[in-house]
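# Coordinates in review
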Amino acid sequence: MHAQTGAAAAGDTPGRPARPAGYWERVDRIVRQAPPLSDAQRAKLRTIFHQTDVTKEAA
């Protein structure tokens, strides 16, 4: 899924420590093992991510 690996992959965030080798492979493995989200969980996440910044700051 993620082509970038290694101690200093190109996708690392500046100012943060480099991700260790195998980071994205571990993330992909954990995601594959997780159960699928329910419709209620998807709806809640959709609501959270579509809130305005003012609403997020108030929360």
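Residues numbered from 1 in each chain as written. Predicted model: local features only at pLDDT ≥ 70, side-chain atom pairs only at ≥ 80, totals over all residues. Heavy atoms only, no water.

Below, the discussion takes up the overall build of the chain. When helices and strands are counted, the chain shows three helices and zero strands. Going from N to C terminus, the chain has its helices and strands arranged as α-α-α. Here the chain holds 59 residues, and the buried ones make up 5% of them. Accessible surface for the chain amounts to roughly 5,300 Å². Of this, 59% is attributable to carbon and sulfur atoms. (Helix = DSSP H or I, 4+ residues; strand = E, 2+ residues; numbered from the N terminus. Buried < 20%, exposed > 50% of the residue type's maximum accessible area, 1.4 Å probe, protein only. Areas by Shrake-Rupley, 256 points an atom, 1.4 Å probe, with all protein chains shown as cover.)

Taken as a whole, this structure holds one aromatic pair when the rule is applied. Relative to Trp24, the ring of Tyr23 lies with its centre 4.9 Å away and its plane at 85°, an arrangement referred to as edge-to-face. (Phe/Tyr/Trp six-rings, centres within 6.5 Å; stacked < 30°, edge-to-face > 60°.)

There is a patch of nonpolar side chains on the surface, built from Leu37, Leu45, Ile48 and Phe49 and spanning about 370 Å² of accessible area. As for its position among the elements, Leu37 is in the loop between α1 (23–33) and α2 (39–49). Look at Leu37 and you get partly exposed, because its relative accessible area is 40%. (Patch = residues over 30% accessible without salt bridge, like charges linked within 9 Å, V, L, I, M, F, W, Y side chains within 5 Å. Salt bridge = Lys/Arg side-chain N within 4 Å of Asp/Glu carboxyl O.)

Take the pattern of salt bridges next. The tally for this structure, following the rule as stated, stands at one salt bridge. Across the salt bridge formed by Arg42 and Asp39, the nearest N and O atoms sit 2.7 Å from each other. You can see Arg42 and its partner Asp39 sitting in helix α2, three residues apart, about one turn around the helix. On the basis of relative accessible area, Arg42 is assigned to the partly exposed category, the value being 36%.

Scored by pLDDT, the chain has a mean of 79; 68% of the residues are at 70 or more. The lowest-confidence element of the chain is helix α3 (residues 53–58), averaging 63 in pLDDT; the highest-confidence one is α2, averaging 94. A low-confidence stretch, residues 3–8 stays under pLDDT 50, and its non-local contacts, those more than four residues away or across chains, total 14 contacts. (pLDDT = per-residue confidence, 0-100. Contact = heavy atoms within 4.5 Å.)

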